[in-house]
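The primary structure of each chain is shown beneath.
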Amino acid sequence: MELNIACIPGDGIGPEIINEAKKVLDAVAIKYGHKISYNTILLGGASIDAYGEPLTEDTIEKAKSADAVLMGSIGGDANTSPWYQLPPAKRPEAGLLGIRKALNLFANLRPAVLYTELEDACPLKKEIIKDGFDIMIMRELTGGLYFGERSTTTDHGVRKAVDTLTYDEIEIKRIAIKAFEIAQKRNKLVTSVDKANVLDSSRLWRTVVNEVAKEYPEVKCEHMLVDNCAMQLVRNPGQFDVVLTENMFGDILSDEASMVTGSIGMLASASLNETKFGLYEPSHGSAPDIAGMDIANPIATILSASMMLKYTFDLDKEADEIEKAVKLALKDGYRTKDIMSEGNQLVGCSEMGTILAGYIK
Ligand code: IPM
Ligand code: MG
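K.L.:
Whenever I open this one, helix α11 (residues 316–331) confuses me. Can you help?
P.N.:
Three- or four-residue spacings in an α-helix give side chains the same orientation, since the helix completes a turn every 3.6 residues. The end-to-end C-alpha separation of α11 is 22 Å, in line with the 22 Å expected for 16 residues at 1.5 Å each. For α11, the complete set of buried residues consists of Glu318, Ala319, Glu321, Ile322, Ala325, Val326, Ala329 and Leu330. Residues of α11 that are buried make contact with α1 (14–32), α10 (299–311), β13 (334–335) and α12 (349–360). Positive phi appears at Gly333, one or two residues downstream of α11, with a value of about 90 degrees.

This is the structure:
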């Protein structure tokens, strides 16, 4: 099969972790007889440095003409980087939001899985972890507060800022359908998270999710208020299968869920539209403080590449091969700094990529 991938190394540790993901993908390609072409494109700070804009038409066009986009991370240190002297709409993050919108990537899948080998890194007590957990956070990615009208004004000397949270039923329905379809292939439970005791947008969310749920009688549908969900994630994470939620709640809950697994350096993500196309990136940020030091954990990006093989290319066997390699490396005691614990072997970013590719040969 020919895989036409647009690559966004991005900023901070982005280029390092992307290199390792390519190493692993190339090993898969050799083993299974695929041909991968990578087209490197710019986004975020790297794009600002080159063109003065965090996202250009050229990047959007090249992304659209690829089968999938594999991304490292974007952004810098907000206190020291000159990118953050620019107005908000010209900063690195605006590029990321812009490409999500331009490619209509409304469904963000963020799996939070506890690897038994990393149980020591999990901050929860053993009696809470029980047999571990495997949660799929499904975050709506192109609506809500992130894309509502906003303004900052001064009225009679009083400064005022407004952000608006808007959802229409079409936006809610399409992500709900994806959530139920994914739940059908997992443990058949969708927990839809909202703030329906306060927000109109949440009340509509709940109504539409219930309508979609009727089409999937074999999937159980539950509703949970977002504050309760934040608590339940640390109280009993094993109760969740698919967590379906709007953009802002999903941003917050996915960070929480990732921390509960022990390391954000392990968590992949996929952002999908109605087609097979997707943008795949780690759930973590660009970690500018450790950029270029060869100590970042490339596993989240490598697992994002595995999600790409699965969701865009339907190459399930190849995707499983990558997941298996990650589990083997952990079992054999290889650890990057963020997940290091006593008795294991500390490896750098590049070495971890080489080790994982080695399991695939
Ligand atoms: C994420 C990030 C982004 C978001 C930032 C960088 C704009 O936190 O992907 O979760 O809030 O969506
Ligand atoms: Mg976030």
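Okay, back to it.
K.L.:
What is the right way to look at the environment of Val208 in this model?
P.N.:
Following the sequence through the fold, Val208 ends up in helix α7 (residues 200–213). Expressed as a C-alpha distance, the spacing of Val208 and Met248, which sit 40 residues apart in the sequence, is 18 Å. Leaving out residues up to four positions away in the same chain, Val208 has contacts with Glu169, Ile172 and Lys173.

K.L.:
I keep staring at the packing of α11 against α12 and nothing clicks. Help me out?
P.N.:
Angle between the axes and distance between the axes: these two values describe a pair of packed helices. Across the interface, α11 lies against α12 with an axial gap of 9 Å and an inter-helix angle of 120 degrees. Our classification of the angle between α11 and α12 gives oblique. Crossing handedness for the pair α11 and α12: right-handed. On α12, the residues touching Glu321, Ile322, Ala325, Val326, Leu328 and Ala329 of α11 are Met352, Ile355, Leu356, Tyr359 and Ile360. Residues belonging to the contact of α11 with α12 are distributed by class as follows: 10 nonpolar, no polar and 1 charged.

K.L.:
For this particular structure, what's the right way to read the side chain of Glu16?
P.N.:
Structurally, Glu16 can be placed in helix α1. We note that Glu16 is buried and unpaired, the nearest opposite charge coming from Lys23 at a distance of 11 Å. Among the polar contacts listed, one links the side chain of Glu16 to the backbone nitrogen of Gly292, at a separation of 2.4 Å. Beyond its immediate stretch of four places on either side in the chain, Glu16 contacts Ile290, Ala291, Gly292, Met293, Asp294, Ile295 and Cys349.

K.L.:
Even after reading the chapter, I still don't get the pattern of salt bridges, so can you show me in this structure?
P.N.:
The final tally for this structure, using the stated rule, is 15 salt bridges. In this structure, Arg100 and Glu281 form a salt bridge, with 3.6 Å as the shortest nitrogen-oxygen distance. One end of the pair, Arg100, is in helix α4 (residues 92–102); the other, Glu281, is in the loop between β12 (278–280) and α10, with 181 residues separating them in the sequence. Each member of the pair, Arg100 as well as Glu281, is classed as buried. The salt bridge partner of Glu119 is Lys126, with a shortest N-O separation of 3.2 Å. Since its relative accessible area comes to 51%, Lys126 is described here as exposed. Each of Asp134, Arg186 and Asp241 takes part in salt bridges that share partners, so that together they form one network.

K.L.:
For this particular structure, what's the right way to read the packing of aromatic side chains?
P.N.:
Aromatic ring pairs are defined here through the distance separating the ring centres and the angle between the ring planes. Applying the stated criterion across every chain yields a total of 2 aromatic pairs. Centre to centre, the rings of Tyr167 and Trp205 are 5.4 Å apart; their planes meet at 70 degrees, and the pair counts as edge-to-face. Of this pair, Tyr167 sits in the loop between β7 (158–163) and α6 (169–184) while Trp205 sits in helix α7, and the two are 38 residues apart along the sequence. One exposure class covers both Tyr167 and Trp205, and it is buried. Between Phe180 and Tyr216 the ring centres are 5.4 Å apart and the planes differ by 20 degrees, which places this aromatic pair in the stacked class. On the criterion of sequence distance, the pair formed by Phe180 in helix α6 and Tyr216 in the loop between α7 and β9 (220–225) is long-range, its members being 36 residues apart. The pair Phe180 / Tyr216 is uniform in exposure class, with both members buried.

K.L.:
Would you explain the environment of Val260 in this entry?
P.N.:
Within the element layout of this structure, Val260 appears in helix α9 (residues 247–261). Taking the C-alpha atoms as reference, Val260 lies 8.9 Å from Ala121; in sequence the two are 139 residues apart. Residues contacting Val260, with those up to four places away along its chain left out, are Leu114, Cys122, Pro123, Leu124, Phe133, Leu233, Val234 and Pro237.

K.L.:
Would you explain unusual backbone geometry in this entry?
P.N.:
For Lys188, which is not glycine, the phi torsion reads 60 degrees and is therefore positive. In this structure, Asp294 is a non-glycine residue whose phi angle is positive, near 60 degrees. Take Asp294: it is sitting in the loop between β12 and α10.

K.L.:
Would you mind going over the sheet that holds strand β3 (residues 68–73) with me for this structure?
P.N.:
Sheet strands associate in pairs through backbone hydrogen bonding, adopting either a parallel or an antiparallel arrangement. An order of β2-β1-β3-β12-β11-β4-β5-β10-β8-β9 is seen for the 10 strands of this open sheet, with the pairing classed as mixed. Pairing within the sheet leaves two strands with one partner each, and these edge strands are β2 (35–40) and β9. Ignoring which end each strand starts from, the neighbouring axes of this sheet average 25 degrees apart. In this sheet, β9 lies alongside strand β8 (residues 189–194) in parallel orientation, the contact comprising 6 bridges. Of the residues in β9, the one forming a bridge with Thr191 is Glu222. Here α7 sits on the sheet in contact with β5 (134–140), β8, β9 and β10 (242–245), set at roughly 170 degrees to β9.

Cut-off values and rules
In this convention, every chain numbers its residues from 1, walking through the sequence in written order. Written order decides the labels, with chains lettered from A and ligands numbered from 1. It should be noted that, the model being predicted, local features are given only for residues of pLDDT at least 70 and side-chain atom pairs only at 80 or more, the latter also being counted only at that level, while totals for whole chains, interfaces and linings use all residues. Heavy atoms from the whole structure form the basis of all side-chain values; hydrogens and water molecules are not counted. Only DSSP runs of H or I reaching four residues or more are called helices, and only runs of E reaching two or more are called strands; each is numbered from the N terminus. To estimate the expected span of a helix, subtract one from its residue number and multiply by 1.5 Å. Whether a residue is buried, partly exposed or exposed follows from its accessible area with a 1.4 Å probe, protein chains only, as a fraction of its type maximum: under 20%, in between, or over 50%, in that order. We call two residues in contact when some of their heavy atoms are within 4.5 Å. Helix axes are fitted only over the stretch in contact, all axes being lines through C-alpha atoms; the angle between N-to-C directions runs from 0 to 180 degrees. By definition in this entry, angles of less than 35 degrees are roughly parallel, angles greater than 145 are roughly antiparallel, angles of 65 to 115 are roughly perpendicular, and the rest are oblique. Crossing handedness is defined as follows: a turn of the near helix away from the far one that is anticlockwise and smaller than a right angle gives a left-handed crossing, while the clockwise case is right-handed. Classification used: nonpolar for Ala, Val, Leu, Ile, Met, Phe, Trp, Tyr, Cys and Pro, charged for Asp, Glu, Lys and Arg, polar for all others including Gly. Charged residues are defined narrowly, with Lys and Arg counted positive, Asp and Glu counted negative, and His plus the chain ends left uncounted. Should a side-chain nitrogen of Lys or Arg be within 4 Å of a carboxyl oxygen of Asp or Glu, the pair is scored as a salt bridge. In protein, a polar contact requires one atom able to donate a hydrogen and another able to accept it; more generally it is a pair of N or O atoms within 3.5 Å, and residues adjacent in sequence count only if both atoms are side-chain atoms. The criterion for an aromatic pair is that two Phe, Tyr or Trp rings (for Trp, the six-membered ring) have centres within 6.5 Å, with stacked assigned to planes under 30 degrees apart, edge-to-face to planes over 60 apart and tilted to the rest. Strand pairing is assigned whenever DSSP identifies at least 2 bridges connecting the two strands.

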